[in-house]
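Here's the letter readout for the chains.
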Amino acid sequence: SSLWLNVGNLMSTIKANDLTNVTGGIPTVKSQQLIPTAWVNFNGSGTVAIRDSEGVSSITDSGVGNFYVNFTTAMSNTNYISNACTGGNGSTNGDHSFVPFSIASGNTTTQSPQLRPSKHEGTRIDPTYVYYMAMGGQA
């Protein structure tokens, strides 16, 4: 890492290969965490498998169209934000570029939010490509 600061100008440049919060966790700028706390790309069809992730320890498959994303480190509270989408429904349901998701409100936990992908008419499905991201403070 390197740090360069031109104090003679109103503009400053900071260059770094890695930023780490002094007390651990995700660094903040103006009290905002600027990178996802946890994210995952996983196969939800057939044998569920994580393709790549950060801050996610595993995926629990609880039946058709019902997944739990298990965080490596719990969130500090249930007020974090999250987003999920998919790139395919699997061979038995055709291939779609977008599948509606329900991130189970009321069932959100600090450790394992529940995802419920479904077809447009509401039938739950196991998508081939599932993408999930959460932003918020960790415990």
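Residues numbered from 1 in each chain as written. Predicted model: local features only at pLDDT ≥ 70, side-chain atom pairs only at ≥ 80, totals over all residues. Heavy atoms only, no water.

To continue, consider the overall build of the chain. When you go through the chain residue by residue, the secondary structure sums to zero helices and ten strands. In sequence order, the secondary structure elements of the chain are arranged as β-β-β-β-β-β-β-β-β-β. Considering only contacts in the chain between residues 6 or more positions apart, those separated by 24 or more positions represent 54%. (Helix = DSSP H or I, 4+ residues; strand = E, 2+ residues; numbered from the N terminus. Contact = heavy atoms within 4.5 Å.)

A regular strand carries its side chains on alternate faces of the sheet. Here strand β10 (residues 129–135) shows a buried face lined by Val-130, Tyr-132 and Ala-134 and an unburied face lined by Tyr-129, Tyr-131, Met-133 and Met-135. Of the pairings in the sheet, the one linking strand β3 (residues 38–43) to β10 comprises five bridges and is antiparallel in character. Bridging across to β10, Val-40 finds its partner in Tyr-132. (Buried < 20%, exposed > 50% of the residue type's maximum accessible area, 1.4 Å probe, protein only. Pairing = 2+ DSSP bridges.)

Right, let's get into the packing of aromatic side chains. Here the structure, examined in full by the defined rule, presents two aromatic pairs. Where Phe-42 meets Phe-67, the ring centres are 5.4 Å apart and the plane angle is 70°; that geometry is what we call edge-to-face. Here Phe-67 lies in strand β6 (residues 67–71) and Phe-42 lies in strand β3, a separation of 25 residues in the sequence. Across the pair, Phe-67 and Phe-42 agree in class, each one buried. (Phe/Tyr/Trp six-rings, centres within 6.5 Å; stacked < 30°, edge-to-face > 60°.)

With that settled, the discussion passes to the side chain of Asn-70. Looking at the element boundaries, Asn-70 is found in strand β6. Judged by its relative accessible area of 14%, Asn-70 is buried. Of note is the side chain of Asn-70, whose polar atom sits 2.9 Å from the side chain of Thr-60. Apart from residues lying up to four places away in sequence, Asn-70 is in contact with Gly-55, Val-56, Ser-57, Ser-58, Ile-59, Thr-60, Gln-111 and Ser-112. (Polar contact = N/O pair within 3.5 Å; in protein donor to acceptor, adjacent residues only side chain to side chain.)

Residue placement: Asn-79 occurs in the loop between β6 and β7 (81–88). Taking the C-alpha atoms as reference, Asn-79 lies 9.0 Å from Gly-137; in sequence the two are 58 residues apart.

Now for the side chain of Gln-114. If you trace the backbone, Gln-114 turns up in strand β9 (residues 114–117). Looking at Gln-114, its side chain comes within polar contact range of the side chain of Asn-66, at 2.5 Å. Polar contacts involving the side chain of Gln-114 include one to the side chain of Tyr-68, which spans 3.2 Å.

This brings us to the environment of Ala-38. Checked against the element boundaries, Ala-38 lands in strand β3. Sequence separation between Ala-38 and Tyr-132 is 94 residues, and the spatial gap between their C-alpha atoms is 8.2 Å. Setting aside residues no more than four positions away along its own chain, Ala-38 makes contact with Glu-54, Gly-55, Val-56, Phe-71, Tyr-132, Met-133 and Ala-134.

Attention shifts here to the environment of Thr-60. Its place among the elements puts Thr-60 in strand β5 (residues 56–61). With relative accessibility at 33%, the residue Thr-60 sits in the partly exposed group. Residues Thr-60 and Ala-49, spaced eleven residues apart in sequence, show a C-alpha to C-alpha distance of 9.8 Å. Once you skip the residues sitting within four places of it in the chain, Thr-60 turns out to touch Asn-66, Phe-67, Tyr-68 and Asn-70.

Confidence in the prediction for the chain averages 75 pLDDT; 59% of positions are at 70 or higher. Of all the helices and strands in the chain, strand β2 (residues 32–33) carries the lowest mean pLDDT, 56, while β5 carries the highest, 96. In this model residues 89–97 is a low-confidence stretch, pLDDT under 50, and it forms 20 contacts with partners more than four residues away in sequence or in other chains. (pLDDT = per-residue confidence, 0-100.)

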